[in-house]
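As a plain string of letters, each chain reads:
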Amino acid sequence: MNQAARKVRPRFVVHRSPVHGRGLFANNTIVAGEFVCEYKGTRISWKDVLDKLPNDRSQPGHTFFFDVEEGIVIDGSKGGNGARWLNHACSPNCEAELSNNRIFIYALREISPGEELTLDYALVVDGRHSRKIREEFRCLCSLPECRGTMLEKRKKGARARAAARLKQL
């Protein structure tokens, strides 16, 4: 092996995360706007996803699903890559972009070597974000900006606007 080949380091590594389970960590500096990786895996239907979810939701384990189009999900646990270990953070350093039914991860800001790569999962659930639902999707990022949940941010005043519309009817 020549000397140049020995100096090449992978762009990121997977190891234990202080946020949750395993995480994806930068091995080199990543600049803002830089392409980080593609989220890869097997494409399955939402029906198959629902069949795979654990029955006991108090013991959720890991899921590696990424919604890409109406009714289709990428399952990173089958044929996936290191991107499946991207953990959630309320103030993430990466974002996911959907293009041609593929998910590409880009840096939102400069990321230092050793820093964990994160996304805002912005999970969507139907209905009210009750205390039970928020706890089920509790965030573990511990950032000062933590909103306490991996659920999508609710629009400010959405409840008040809905109540106002009901009064008008």
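Each chain has its residues counted from 1, following the order in which its sequence is written. In keeping with the predicted nature of the model, local features appear solely for residues at pLDDT of at least 70, side-chain atom pairs appear and are counted solely at 80 or more, and the whole-chain, interface and lining totals rest on all residues. Side-chain measures here rest on the full set of heavy atoms in the structure, leaving out hydrogens and waters.

K.L.:
Outline the overall build of the protein chain, listing residues and values.
P.N.:
In terms of regular secondary structure, the protein chain is built from four helices and ten strands. Helix numbers and strand numbers start at the N terminus; a helix is a DSSP run of H or I with at least 4 residues, a strand a run of E with at least 2. Along the chain direction, N to C, the helices and strands of the protein chain fall in the order α-β-β-β-β-α-β-β-β-β-β-β-α-α. Relative accessibility decides the category of a residue: with a 1.4 Å probe and only protein chains considered, values under 20% of the type maximum give buried, values over 50% give exposed, and everything between is partly exposed. Burial status across the protein chain gives 30% buried among its 169 residues. Within the structure as shown, the protein chain displays about 11300 Å² of accessible surface, and the carbon and sulfur contribution to it stands at 51%. Only the protein chains shown count as cover for residues, with accessible areas throughout obtained via the Shrake-Rupley method and a probe of 1.4 Å.

K.L.:
Let's hear about the packing of aromatic side chains: which residues, and what values?
P.N.:
Within 6.5 Å between ring centres, the rings of Phe, Tyr and Trp (the latter by its six-membered ring) count as paired, and their orientation is classed by plane angle as stacked under 30 degrees, edge-to-face over 60, tilted in between. Within the structure shown, the criterion is met by four aromatic pairs. Here the aromatic rings of Tyr-39 and Phe-66 are separated by 5.1 Å at their centres, their planes lie at 55°, and the arrangement is tilted. In this pair, Tyr-39 sits in strand S3 (residues 35-39) while Phe-66 sits in strand S5 (residues 65-69), placing the two residues 27 residues apart along the sequence. Like Tyr-39, the residue Phe-66 is buried in the burial classification. On the numbers, 5.0 Å between centres and 75° between planes, the contact of Phe-64 with Trp-85 is edge-to-face. Remark: Trp-85 occurs in the loop between strand S6 (72-75) and strand S7 (87-88) and Phe-64 occurs in the loop between helix H2 (46-52) and S5; sequence separation between them is 21 residues. Residue Phe-64 is classed as buried on the basis of its relative accessible area, which comes to 11%. Three or more aromatic residues joined by ring pairs make a cluster, and in this case those are Phe-35, Phe-104 and Tyr-106.

K.L.:
Residue-level account of the confidence of the model for the protein chain, with values.
P.N.:
pLDDT is defined as a per-residue confidence score from the predictor, taking values between 0 and 100. For the protein chain, the mean per-residue pLDDT works out to 84, and 81% of the residues sit at or above 70. Considering each helix and strand of the protein chain separately, the mean pLDDT is smallest for helix H4 (residues 158-168), with a value of 44, and largest for strand S10 (residues 116-119), with 97. Counting contacts from residues 160-169, a segment whose pLDDT is below 50, to residues more than four positions away or on other chains yields two contacts. A contact between two residues is defined here by any heavy atoms of the two lying within 4.5 Å.

K.L.:
Describe the side chain of Glu-116, naming the residues involved and giving the relevant values.
P.N.:
With respect to the helices and strands, Glu-116 occurs in strand S10. Among buried Asp, Glu, Lys and Arg side chains, Glu-116 stands out as unpaired, with Arg-16 the closest opposite charge at 9.7 Å. As used in this structure description, the phrase polar contact means that two N or O atoms lie within 3.5 Å; if the pair is within protein, one of them must be able to donate a hydrogen and the other to accept it, and residues adjacent in sequence are counted only when both atoms belong to side chains. At 2.8 Å, the side chain of Glu-116 forms a polar contact with the side chain of Ser-17. Among the polar contacts listed, one links the side chain of Glu-116 to the side chain of Asn-87, at a separation of 2.8 Å. Counted as positive: Lys and Arg. Counted as negative: Asp and Glu, with His and the chain ends omitted from the count. Salt bridges, as used here, are contacts in which a Lys or Arg side-chain nitrogen is within 4 Å of a carboxyl oxygen on Asp or Glu.

K.L.:
Now, about the nonpolar core: what can you tell me, with residues and values included?
P.N.:
Val-36, Ile-105 and Leu-117 are the most contacted members of the largest nonpolar core, which has 20 residues in total. For this core, the elements supplying multiple residues, two or more each, are strand S2 (22-26), S3, S5, strand S9 (102-107) and S10. Contacts of Val-36, omitting those with residues within four sequence positions, involve Arg-11, Phe-12, Ile-30, Cys-94, Ile-105, Tyr-106, Ala-107 and Leu-117. Here, nonpolar core means buried Ala, Val, Leu, Ile, Met, Phe, Trp, Tyr and Cys residues that are tied together by side-chain atoms lying within 4.5 Å of each other. Counting residues in hydrophobic clusters, the runner-up holds five residues, among them Ala-89, Cys-90, Cys-141 and Met-150.

K.L.:
How would you summarise the environment of Val-19 if you had to cite specific residues and measurements?
P.N.:
Among the secondary structure elements, Val-19 is positioned in the loop between strand S1 (12-16) and S2. Judged by its relative accessible area of 18%, Val-19 is buried. For the pair formed by Val-19 and His-88, sequence separation is 69 residues and the distance between their alpha carbons is 8.1 Å. The residues touching Val-19, leaving out its near neighbours within four places in the chain, are Asn-87, His-88, Glu-116, Leu-140 and Cys-141.

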